[in-house]
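Spelled out, the chains give:
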Amino acid sequence: MQTAHSLDVLRNSIGKLRSGSNTIGLVPTMGALHEGHLTLIRRAREACDHVVASIFVNPTQFGPNEDLDAYPRQMEEDAAMLQSEGCALLWAPGVEVMYPGGPENFVTSISVRGVSEGLCGASRPGHFDGVATVVNKLFNQVQPDMAFFGEKDFQQLAVIRAMARDLDLTLPHVLSIIGVPTVREPDGLAMSSRNRYLSPTDRDAAATLPRAMKEAIARIEDGQDPSPTLAALEDELLGAGFSSVDYAVLADSASLAPLNRLSGNAARLLVAARIGGTRLIDNMAVAG
Ligand code: AMP
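Worth saying up front: this structure is predicted, and the values here are computed from it rather than measured. (Residues numbered from 1 in each chain as written. Predicted model: local features only at pLDDT ≥ 70, side-chain atom pairs only at ≥ 80, totals over all residues. Heavy atoms only, no water.)

Novice: Now, about the site of the ligand: what can you tell me, with residues and values included?
Specialist: Near the ligand lie 17 residues; those nearest to it are His37, Gly150, Asp153, Val183 and Met191. Backbone polar atom of Gly150 to an oxygen atom of the ligand: 2.9 Å apart, as the coordinates give it. For the ligand, a nitrogen atom lies 2.8 Å from a polar atom in the backbone of Val183. Starting from 480 Å² of accessible surface for the ligand in isolation, the protein chains cover 92%. Elements that contribute at least two residues to the shell around the ligand include exactly strand S2 (24-29), helix H2 (35-47) and strand S5 (146-150). Residue contributions to the shell around the ligand peak at three residues, all from H2. (Near = heavy atom within 4 Å. Polar contact = N/O pair within 3.5 Å; in protein donor to acceptor, adjacent residues only side chain to side chain. Areas by Shrake-Rupley, 256 points an atom, 1.4 Å probe, with all protein chains shown as cover. Helix = DSSP H or I, 4+ residues; strand = E, 2+ residues; numbered from the N terminus.)

Novice: Now, about the pattern of salt bridges: what can you tell me, with residues and values included?
Specialist: Per the stated rule, a full pass over the model turns up 11 salt bridges. Note that Asp145 and Arg18 form a salt bridge whose closest N and O atoms lie 3.1 Å from each other. Separated by 127 residues along the polypeptide, Asp145 in the loop between helix H6 (127-142) and S5 and Arg18 in the loop between helix H1 (7-17) and S2 bring together distant segments of the chain. Owing to a relative accessible area of 14%, Asp145 belongs among the buried residues under this scheme. (Salt bridge = Lys/Arg side-chain N within 4 Å of Asp/Glu carboxyl O. Buried < 20%, exposed > 50% of the residue type's maximum accessible area, 1.4 Å probe, protein only.)

Novice: Can you tell me about the pairing of strand S8 (residues 267-275), naming the residues and giving the values?
Specialist: Of all nine residues in S8, eight are buried, a share of seventy percent or more. Two elements, S8 and strand S9 (residues 278-286), share nine bridges in a ladder whose sense is antiparallel. When the sheet's bridge partners are listed, Arg268 is paired in S9 with Ala285. Hairpin connection between S8 and S9: a loop of two residues separates the two successive antiparallel strands, and Gly276 in this loop has a positive phi of roughly 50 degrees. (Pairing = 2+ DSSP bridges.)

Novice: Please provide a residue-by-residue account of the packing of H6 against helix H7 (residues 154-166), values included.
Specialist: Orientation of H6 relative to H7, taken along the N-to-C sense of each, is 55 degrees, at an axis distance of 10 Å. By the angle between their axes, H6 is oblique relative to H7. Crossing of H6 against H7: the hand is right-handed. Facing Phe128, Val131, Ala132, Val135, Asn136 and Phe139 of H6, the residues of H7 in contact are Gln155, Gln156, Val159, Ile160 and Met163. Split into classes, the residues belonging to the contact of H6 with H7 amount to eight nonpolar, three polar and no charged. (Axes fitted to C-alpha atoms, helices over the stretch in contact; angles between N-to-C directions. Parallel < 35°, antiparallel > 145°, perpendicular 65-115°, else oblique. Left-handed = near helix turned anticlockwise from the far one by under 90°. Contact = heavy atoms within 4.5 Å. Nonpolar A, V, L, I, M, F, W, Y, C, P; charged D, E, K, R; others polar.)

Here you go:
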């Protein structure tokens, strides 16, 4: 596996990988890799000739009071994992490569209206502008045929799909955005780089989140009114040791518009809640 830290080295390596009509799959990450990320890599390997993984902790998607400085960084360990998964190239730009002159002097921003506005967009202002802009840069830099994103970040996936459609990123290569189902711990907790912040007690309590979500989904699919069901879900989380619930919303899977009741279209239950200072998100399909 090659590692590129500069655009020159990246372009050179991509040119070589692309020789002939080889296809390239891109897996963007912020590092601190776990089995969820590695599942994306494996999926990309199945679908493409070569896999490029990026590791970049993007400062512009963190709010002023968020965990940018504390975010786990373990480049050597991550590189070893990527290598053993058969990744061809690791793209690991520094902040000065992505934002010459610093993020504060970067004057372009991609904003995706609609799908980015509720849910995490409401509790993390500017977050999805930072995500859309950096992912667009990664697409331009790597020019992949396919890019792989986890359903774990369901709203992020919707934002990127909308951006790719609106900005014709499907040209000149046919850029396909592939969503990959959430990989979970044995007790159901969605894998996340942030899970390592949890104390052992909070880690145990965190498993209440997927369990309570499944119970709420069963009730909603059974015909119970979503509103009191979601209120009971919030109460259960608070009772289990979560300090607050940013949202617990039933939404249309495509538009992410909140639903008061099932409409026959695909629906999703999405939750963000805090425990011991860590913000956890999860989402699951609800049969319409
Ligand atoms: P991150 O490093 O957290 O920015 O995540 C990089 C990519 O991995 C994103 O597309 C995430 O949605 C995806 N991802 C993170 N956790 C999981 C998981 N548990 N299952 C599947 N994909 C995941």
